[in-house]
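Geometric and topological summary
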Amino acid sequence: MLFPLNVTDAQTRRWGKILVGPVSLHLTGAGATVIIGPNGSGKTTLLHLLHGTARLHAGTIAWQVPMAEARAVQSFVFQRPVMLRRSVVDNIAYPLVIRGIRKSEARAQAHDWVKRIGLDEMADRPATSLSGGEQQKLALARAFITAPQVVFLDEPCAALDGRATAEIEAILQEQMAQGTRLILSTHDMGQARRLADEVVFLRAGQVHETGPATPFFSAPQTDAAHAFLNGDIVE
Amino acid sequence: MVDLWDGLTQAFWLVITLDRELAEIALRSLYVTLTALVIACLIAFPLAAFLAVRRFRFRRLIIAILNALMGLPPVVVGLIVYVLLSRSGPFGVLGLLFTPTAMIIAQIIIIVPLIASIAHQSLRDLWQEYHDLLISMNVSQGQKMRTLIWDARRALLTASLAGFGRGIGEVGAIMIVGGNIDNVTRVLTTAIALETGKGAFALALALGFVLIALTIAVNLMIHWLGQTEREGRW
């Protein structure tokens, strides 16, 4: 059991500048936590910190198991999906192959996912030839194929149209219903309202406000969160 | 101009009549260079991948040295291999001097830096693309290297073709370590050098045209096998 996750005064720096922190959070093990905030507020860095792919310079990030074990049951989906120079099905099978599962078995499971995300006619095409929305769906399938307990998603629908966003959100909802914990960042307040059970509002690398989604969206406690939700410019 | 024409005509007849000596020399050229190429690729690709994914002290120095070694003078390589394999050298007991094996060793030393340097450029670029994804997936160093080599296989083909080109056209080192012995270590390039020395320019040119034709044929075959330049491929 990974959760609860306790983050205490976590901080990361680059070239002497504090990118995120000190941040303290307590995340429990259900639903979706949506991280929102203006550009440069540290959303992506916080996701990487929690996932263990950004260096922690101060504070602690404590899963209920050691970080290495926690990493083994997590996946990460990037804002700009990284496509391996392989076919669609081989991209999806890749995480299983590196876990030592036989290639034929991995490809069979990948084919199931290819069908689920509606790319079955493109299964053997090079992944880089897919459209942005298709690539992001592939990235989701690749992230979910290992049945992770937690998936981090960094603005998974950035630059996608409404239809692609709806398809991706449907996949996310389906996985959440199956018990996968999502921690995602987004600039899309509509998406945040649709997906979030809990909201973390970041500002200048620090948690400015956090809490359950419904009260946060209906009555934010801080002026900055209120202004941000109203679409005002928040530094 | 007359020599060129004579050379072309002679090359044509040598090929058409399936000249036994020519076939033997051409096959030996291919054997030596292709063997050296396969072994060099087995060394150079993992080395290039290692340099792409691992950060360690003196890494940049090693890359700089590797790049510098691309211009390694073959004659010097030949001389060093000669000294190492000569009867009084440390490996003299193996009796490899003036054998095709000695020629293969010399060619490996010459083409490994070239293949590794070109491969490193491709793998480094691919690593930049893959870095975040593979780190997030907790992929081991060995898996990273294998993934890069497999996914960059068509770019690595170009590196190996460059190695083949350098190896098949090489004369200085293999002349020294092979000795250009008839029926034993004579290959196309050393045969050309010999015929030129004898003043038989037409025959030397004929062998040269055969060498060029052979090089083009092997390149085309590797491209075909590698399925490069096909739609929807990398």
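So, how was this worked out
Residues numbered from 1 in each chain as written. Chains lettered and ligands numbered in written order. Predicted model: local features only at pLDDT ≥ 70, side-chain atom pairs only at ≥ 80, totals over all residues. Helix = DSSP H or I, 4+ residues; strand = E, 2+ residues; numbered from the N terminus. Buried ≥ 20, exposed ≤ 12 C-beta atoms within 10 Å, placed from the backbone. Contact = placed C-beta atoms within 7 Å. UniProt positions renumbered as here; feature names shortened; annotations may be inferred. Pairing = 2+ DSSP bridges. Nonpolar A, V, L, I, M, F, W, Y, C, P; charged D, E, K, R; others polar. Axes fitted to C-alpha atoms, helices over the stretch in contact; angles between N-to-C directions. Parallel < 35°, antiparallel > 145°, perpendicular 65-115°, else oblique. Left-handed = near helix turned anticlockwise from the far one by under 90°. Bend = angle between axes of the 7 residues up to and from the residue. pLDDT = per-residue confidence, 0-100.

**Considerations on the overall build of chain B**
If you tally the helices and strands in chain B, you get 10 helices and 0 strands. Each helix (α) and strand (β) of chain B, taken in turn from the N terminus, gives the series α-α-α-α-α-α-α-α-α-α. Expressed as a percentage of its 234 residues, the buried residues of chain B come to 39%. Counted over contacts in chain B with a minimum sequence separation of 6, partners at least 24 positions apart contribute 78%.

**Examining the UniProt feature "domain: ABC transporter" (unreviewed entry) in chain A**
UniProt records the feature "domain: ABC transporter" (unreviewed entry) for residues 5–229 of chain A in the present numbering. In residues 5–229 of chain A, the share of helix is 40% and the share of strand is 26%. The end C-alpha atoms are 27 Å apart.

**A look at the pairing of strand 1 (residues 5–14) of chain A**
Residues and elements named next belong to chain A. With 7 bridges connecting them, strand 1 and strand 2 (residues 17–27) associate as antiparallel partners. Considered in strand 2, the bridge of Ala10 is made with Val23. The loop that links strand 1 with its antiparallel partner strand 2 comprises 2 residues; one of these, Trp15, has a positive phi angle of about 50°.

**Some thoughts on the UniProt feature "domain: ABC transmembrane type-1" (unreviewed entry) in chain B**
Mapped onto this numbering, the UniProt entry gives "domain: ABC transmembrane type-1" (unreviewed entry) at residues 26–222 of chain B. What you have in residues 26–222 of chain B is 78% helix and 0% strand, and the ends, taken at the C-alpha atoms, are 18 Å apart.

**Quick notes on the interface of chain B and chain A**
How big an interface is tends to be stated in terms of accessible area lost as the parts join. The interface of chain B with chain A comprises 13 residues on the first partner and 15 residues on the second. Taken together, the elements giving at least two residues each to the side of chain B that touches chain A come down to helix 5 (100–136) and helix 6 (141–151) of chain B. For the side of chain B that touches chain A, the per-class residue count stands at 6 nonpolar, 4 polar and 3 charged.

**Concerning the environment of Leu79 of chain B**
With respect to the element layout, Leu79 of chain B can be found in helix 4 (residues 74–85). With 48 residues separating them along the chain, Leu79 of chain B and Trp127 of chain B place their C-alpha atoms 38 Å apart.

**Some thoughts on the UniProt feature "transmembrane region" (unreviewed entry) in chain B**
The UniProt record annotates "transmembrane region" (unreviewed entry) at residues 30–53, 65–85, 91–116, 155–181 and 201–225 of chain B. Between the C-alpha atoms that bound residues 201–225 of chain B the distance is 36 Å, and the span itself is 100% helix and 0% strand.

**A word on unusual backbone geometry**
Phe3 of chain A connects to Pro4 of chain A through a cis peptide bond whose omega is 5°. Examined against the element boundaries, Pro4 of chain A turns out to sit in the segment before strand 1. A cis amide bond, omega -5°, links Gly21 of chain A with the succeeding residue Pro22 of chain A. One can find Pro22 of chain A in strand 2. Within the chain, Asp9 of chain A stands out as a residue other than glycine whose phi angle is a positive 50°. Here Asp9 of chain A lies in strand 1. Although it is not a glycine, Asn138 of chain B adopts a positive phi angle of roughly 60°. In this structure, Asn138 of chain B sits in the loop between helix 5 and helix 6.

**Observations concerning the sheet that holds strand 4 (residues 58–62) of chain A**
All names here are of chain A. With antiparallel pairing, 3 strands are arranged side by side in an open sheet as 2-1-4. Strand pairing shows two members of the sheet lacking a second neighbour, strand 2 and strand 4, which therefore form its edges. Here the strands of the sheet are splayed against their neighbours by 25° on average, with no regard to which way each runs. The strands touched by helix 1 (residues 43–51) are strand 1, strand 2 and strand 4; relative to strand 2, the strand with the most contacts, the crossing angle is about 60°.

**Digging into the packing of helix 3 (residues 88–98) of chain A against helix 5 (residues 132–144) of chain A**
Residues and elements named next belong to chain A. At a closest axis distance of 7 Å, the pairing of helix 3 and helix 5 adopts a crossing angle of 30°. For the element pair helix 3 / helix 5, the angle class is roughly parallel. Crossing angle aside, the handedness with which helix 3 passes helix 5 is right-handed. Residue-level contacts link Val88, Asn91, Ile92, Tyr94 and Pro95 of helix 3 to Leu138, Ala141 and Arg142 of helix 5. Partitioned by chemical class, the residues of the contact of helix 3 with helix 5 number 6 nonpolar, 1 polar and 1 charged.

**A closer look at the packing of helix 9 (residues 188–198) of chain B against helix 10 (residues 201–226) of chain B**
Residues and elements named next belong to chain B. Contact pair helix 9 / helix 10: the axes reach a minimum separation of 8 Å and the direction vectors enclose 165°. The pairing of helix 9 with helix 10 is recorded here as roughly antiparallel in orientation. Between helix 9 and helix 10 the crossing geometry is left-handed. Residue-level contacts link Leu188, Thr189, Ala191, Ile192, Glu195 and Thr196 of helix 9 to Phe201, Leu203, Ala204, Leu207, Gly208, Val210 and Leu211 of helix 10.

**What about helix 5 of chain B?**
Residues and elements named next belong to chain B. Where helix 5 bends most, at Tyr130, the angle is about 55°. Across the 37 residues that make up helix 5, a large majority, 26, are buried. After helix 5 finishes, the residue Asn138 shows a positive phi value of roughly 60°.

**Thoughts on the sheet that holds strand 5 (residues 74–77) of chain A**
Through backbone hydrogen bonds, the strands of a sheet pair up, either in parallel or in antiparallel fashion. All names here are of chain A. Within the open sheet, the 6 strands sit side by side as 5-6-7-3-8-9. Their pairing is mixed. Because the sheet does not close on itself, it has two edges, and the strands there are strand 5 and strand 9 (206–212). In this sheet, adjacent strand axes meet at a mean angle of 15° when their direction is disregarded.

**A short note on the confidence of the model for chain B**
Overall, the predicted model of chain B reaches an average pLDDT of 91, with 96% of residues at or above 70. Note on the complex model: pTM 0.87, ipTM 0.89.

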